[in-house]
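Per-entry structural report
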Amino acid sequence: MRTKDFLRGRRRNELSAEETDALEHAVDAVEVLPPRTVLASRGDRLNRSTLIIDGFACRYMDARDGYRQILSYHVAGDFIDLHSFPTRYIDHDIATISKVTLAYVRHDRLEALMTERPHLAKLLWFSTMLDAAQHREWIFRIGRLDAAGRLAHFICETFYRMQAVDRVQDGTCDLPLTQQDLGEIAGLTSVHVNRVLRRLREDGLAIVGRGKLQILDLDRLARLGEFKTDYLYLEDGPWQE
């Protein structure tokens, strides 16, 4: 099933069998793309939204001096550009990070789904609210944490998101990011990233490298990054009634 990871680990259990089937049949096309492929550029008008079946992508913006700021990191089950359905165009760039398998849902099909199935519309809206919650955390992370805290927070967030879509095994998951990518996520130079990753490894917190993330001590890592899971709205999180 191409949409099986959508809201997995969050409110997937609220999707009825009929809603799941409707979302699955709304997929118009599936495409496999290589790493570092631009999917959409700032100002593009979009007529479809993109769900990651497998792989990784990001949203980013380029500064005049050529430096890039990564705005969000996306994993399986994420709609990268669902917000383009109401806005019609995007105000940033989107690109793959790894090889990805993508499912496309045309906006006219989304409109029909949301009109005919208001509960499904609410869950699609909820997924965009997850994006907003993560954006707030990223602002906090860059604005208030030191270099080690920024990377620790991002590592914790990524680990929990990968765990939610069942892509963690023995404390290890894929993380196909270069040190330059991590710098563009955390607002750091590659040299600074290298020093922080070495510290995390030597302190027995996490190992990042060769496309993998291995968690050694999640509790200590979370304390370093002032990380809490509530904004991810996980199934076992504090938002549950």
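Criteria and thresholds
- Residues numbered from 1 in each chain as written.
- Predicted model: local features only at pLDDT ≥ 70, side-chain atom pairs only at ≥ 80, totals over all residues.
- Heavy atoms only, no water.
- 1 Å grid on protein atoms, 1.4 Å probe; cavity = no way out; pocket = protein on both sides within 12 Å on 5 of 7 lines; lining within 4 Å.
- Points joined across faces, edges and corners; volume = space filled by probe spheres on them.
- Helix = DSSP H or I, 4+ residues; strand = E, 2+ residues; numbered from the N terminus.
- Nonpolar A, V, L, I, M, F, W, Y, C, P; charged D, E, K, R; others polar.
- Phe/Tyr/Trp six-rings, centres within 6.5 Å; stacked < 30°, edge-to-face > 60°.
- Buried < 20%, exposed > 50% of the residue type's maximum accessible area, 1.4 Å probe, protein only.
- Lys NZ or Arg CZ within 6 Å of the ring centre and 35° of its normal.
- Contact = heavy atoms within 4.5 Å.
- Salt bridge = Lys/Arg side-chain N within 4 Å of Asp/Glu carboxyl O.
- Axes fitted to C-alpha atoms, helices over the stretch in contact; angles between N-to-C directions.
- Parallel < 35°, antiparallel > 145°, perpendicular 65-115°, else oblique.
- Left-handed = near helix turned anticlockwise from the far one by under 90°.
- Pairing = 2+ DSSP bridges.

In this structure the tally under the stated criterion is two cavities of 30 Å³ or more. Considering only enclosed or pocket space, the largest cavity measures out at about 180 Å³ in volume. In this structure, the largest cavity is lined by 19 residues; those nearest its centre are Gly 77, Asp 78, Phe 79, Ser 127 and Leu 130. The element contributing the most residues to the lining of the largest cavity is helix 4 (residues 118-144), with five residues. Of the residues in the lining of the largest cavity, the class split is eight nonpolar, five polar and six charged. If you add up the space inside the second largest cavity, you get close to 30 Å³. Looking at the lining of the second largest cavity residue by residue, the class counts come to three nonpolar, three polar and two charged.

In total, this model carries eight aromatic pairs according to the counting rule given. Plain terms: the ring middles of Phe 126 and Tyr 233 are 5.9 Å apart, the flat faces sit at 85° to each other, and that makes the pair edge-to-face. Here Phe 126, found in helix 4, pairs with Tyr 233, found in the segment after helix 8 (218-224); they are 107 residues apart in sequence, far enough to count as distant. Taking relative accessible area as the criterion, Tyr 233 reaches 28% and is therefore assigned partly exposed. In this structure, Arg 141 is placed above the aromatic ring of Trp 138, and the distance from its NZ or CZ to the ring centre is 4.3 Å.

Secondary-structure assignment places Arg 199 in helix 7 (residues 190-202). Among the residues examined, Arg 199 registers a relative accessible area of 39% and is labelled partly exposed. Placed 51 residues apart in sequence, Arg 199 and Ala 148 show a C-alpha to C-alpha distance of 8.3 Å. If near-sequence neighbours (up to four positions away) are discounted, Arg 199 is found in contact with Ala 148 and Leu 224.

Take the pattern of salt bridges next. Overall, the coordinates contain 19 salt bridges when judged by the stated rule. The partner of Arg 109 in a salt bridge is Asp 28, with the nearest N and O atoms 3.8 Å apart. One end of the pair, Arg 109, is in helix 3 (residues 107-116); the other, Asp 28, is in the loop between helix 1 (17-26) and strand 1 (29-33), and 81 residues separate them in sequence. Overall, Arg 109 belongs to the partly exposed group, its relative accessible area being 28%. Note that Asp 108 and Arg 106 form a salt bridge whose closest N and O atoms lie 3.0 Å from each other. Judged by relative accessible area, which is 30%, Arg 106 ranks as partly exposed. Residues participating in the shared-partner salt-bridge network are Lys 4, Asp 5, Arg 8, Asp 54, Asp 166 and Arg 167.

So, about the packing of helix 4 against helix 5 (residues 147-164). Relative placement of two packed helices is described by the angle separating their axes and the distance separating the axes. Contact geometry of helix 4 with helix 5 gives a least axis separation of 9 Å together with a crossing angle of 160°. If you check the angle between helix 4 and helix 5, you find them roughly antiparallel. For the pair helix 4 and helix 5, the sense of crossing is right-handed. The residues of helix 5 that touch helix 4, namely those facing Gln 134, Glu 137, Trp 138, Arg 141 and Ile 142, are Arg 150, His 153, Phe 154, Glu 157 and Arg 161. Among the residues forming the contact of helix 4 with helix 5, the class breakdown is three nonpolar, two polar and five charged.

Judged by which residues are buried, strand 9 (residues 206-209) turns out to be one-sided: Ala 206 and Val 208 face inward and are buried, whereas Ile 207 and Gly 209, on the alternate face, are not. Bridge count for strand 9 against strand 10 (residues 212-215) is four bridges, and the pairing is antiparallel. Bridge pairing links Ala 206 to Ile 215 in strand 10. What sits between strand 9 and strand 10 in their antiparallel hairpin is a turn of two residues, with Arg 210 showing a positive phi close to 55°.

Pairing is antiparallel in the open sheet, where four strands are placed in the order 2-6-4-5. Strands with a single pairing partner mark the edges of an open sheet, and in this sheet they are strand 2 (38-40) and strand 5 (68-74). For this sheet, the mean angle separating the axes of adjacent strands, direction not counted, is 35°. Inspection of the sheet shows strand 2 paired to strand 6 (residues 93-96) by two bridges, in the antiparallel sense. The partner of Val 38 across the bridge, within strand 6, is Ala 95.

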